[in-house]
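A structural walkthrough
Okay, here's what each chain looks like letter by letter:
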Amino acid sequence: MVKRNSKREVNSIENSITFNYFFLLKFLVIITICLIHHNFYELNFIYDNPFLNYIWVNGHSLVSIMFLMSGILFFYTSHKKISNNETNFSTFIFKKLKKFIPLALITTLFIYGMNFYYRDFISSGEDWIFATTNPFDLIISIIFCGRTVFGETFINNGPLWFINVLLFCFLIAYPISKCKKNAPLLWVIMCIYGLAMLAYTYEGENIRIAYPFFNHFLGEGVFSFFFGVLIANLFSYMKKSNKVNLIAKLVSGLSVILIVITAIFYPIKNDPDTWVSSYAWLTMFFYAPILLLLFNIKPLEKLCGHKIIKHMGNMSFHIYAWNYPIAFCFYFPFGLLHHEEHLRFPDQLDSWWFLLIFLLIHLAIGILSYYLTNISEKKIRELKAITH
């Protein structure tokens, strides 16, 4: 007779599940995204290398991994507390805003202020990239970290569109978790909603239709986030089962097969911007299997539990938020600021050292921002302890 796990054992197993490898993966993904944002694939030494060029050109879909991991972590850190009424909406959403808004405020104000400075150097009076000098846009950028959810383009600190969409996902995920038994069905419906946005807001090369609560970027985030929540259920089942080792081997084997098949048949071209290949396909058959495979590699999980790796992961959002402010200061001395979609790098910058310096600056600013933020939070906690 097969012995079933008791409720206490199941809860103990769920509490023991960790995703330490997310820290390392998040750091690597965000570093890559920050480089991709600025079209370094147009440097000849990258463009002439098929592998590097493939990574750079197709790397825009890496944001899907961030949404996937966010969905998985939501399931394990918040879903059960919400469904059991252990936390209320204000506490839940305030915790999210506390994490993102202060850094978004600082970086957005930096871009907003520098845009006034930059406008003096061009005759057209246009704004740099997505930054504007419109006060209303500034307020929207700070409160909502952008307006992507509302169907508009990026404004001011463009990369923060990820936070704008992620907050929307949290707002939807909270009431769904309250539904308890019906939650899995609603998660599936949200995945379908995301797929519909990806499918029906695309009209050819680089052309996207954008409506409030129905646009391409929102579709990417919603589909990947709620697909991540569904994947988390699989993680949970794998840990609860009496045949956990067998399931782990089967899932790992299937993941390797899907990864290899996708790598072989995924279209290698300079314009992979179709909704199936770039987002839904890669999320389901490449990124999710990678997460499943890494989940079952215990030495990696143990290695990534080191405090240095954890600090790298926590620091990654600071690197991401400062990406555009750093770009402004970095491009200006080289005369690279203009309004075309793609940058054109001088021949003297076509080398690894240029890429390396850009990366090291991101790391330095990210470490400084992370360190100062931690000090500020510690001082605030000490002040509250004294006053109370």
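Numbering of residues starts from 1 in each chain and follows the order in which that chain's sequence is written. Residue-level local features of this predicted model are given only where pLDDT is at least 70; pairs of side-chain atoms are given and counted only at 80 or more, and the full residue set underlies all totals for whole chains, interfaces and linings. To get the side-chain values, all heavy atoms of the structure are used, and hydrogens and water are removed first.

Glancing now at the overall build of the protein. Along its length, the protein carries 16 helices and zero strands. We call a residue buried when its accessible area falls under 20% of the maximum for its residue type, exposed when it is over 50%, and partly exposed in between, using a 1.4 Å probe and counting protein chains only. Burial status across the protein gives 48% buried among its 388 residues. Across the protein, every contact between residues at least 6 apart in sequence was considered, and the portion connecting residues at least 24 apart equals 76%. Carbon and sulfur atoms provide 67% of the accessible area of the protein, an area that totals close to 19,900 Å². Here a strand is any run of E in DSSP of at least two residues, a helix any run of H or I of at least four, and the numbering for each starts at the N terminus. Contacts are assigned to residue pairs that have any heavy atoms within 4.5 Å of one another. Here the open area of atoms and residues is found with the Shrake-Rupley method and a 1.4 Å probe, where only the protein chains shown may cover a residue.

The nonpolar core is taken to be a set of buried Ala, Val, Leu, Ile, Met, Phe, Trp, Tyr and Cys residues, with the residues joined through side-chain atoms within 4.5 Å. Within the largest apolar cluster, 85 residues are counted, with the highest numbers of intra-cluster contacts made by Tyr21, Ile72, Phe225, Phe226 and Phe235. The contact partners of Tyr21, leaving out residues within four places of it in the chain, are Phe235, Leu291, Leu294, Phe295, Leu300, Glu301 and Cys304.

Before going further, it helps to spend a moment on the environment of Ile143. With respect to the helices, strands and loops of the structure, Ile143 is situated in helix H7 (residues 135-144). A sequence separation of 42 residues divides Ile143 from Ile101, and the C-alpha atoms of the two residues are 7.5 Å apart.

Moving on: helix H9 (residues 183-200). Compared with an ideal rise of 1.5 Å per residue, which puts 18 residues at 26 Å, H9 spans 26 Å between its outermost C-alpha atoms and is within 8% of the ideal. Among the residues of H9, Ala183, Trp187, Met190, Cys191, Gly194, Met197 and Leu198 are the ones counted as buried. Buried residues in H9, looked at end-on, bunch into an arc of 120 degrees, giving them a common side. Summarising the geometry of H9, the exposed residues directed more than 90 degrees from the buried face are Leu185, Ile192 and Tyr200. A helix is expected to reach a length of 1.5 Å times the quantity of its residues less one. By arc we mean the arc of the directions from the helix axis to the C-beta atoms, nothing more.

What follows covers a nonpolar patch on the surface. Residues Ile139, Ile143, Phe144, Phe150 and Phe213 make up a contiguous nonpolar surface patch of about 440 Å² in total accessible area. In this fold, Phe150 is placed in the loop between H7 and helix H8 (161-178). Patch definition: residues with relative accessible area over 30% and no salt bridge; like charges joined within 9 Å; nonpolar side chains (Val, Leu, Ile, Met, Phe, Trp, Tyr) joined within 5 Å. Salt bridge, as used here, is a side-chain nitrogen of Lys or Arg placed within 4 Å of a carboxyl oxygen of Asp or Glu.

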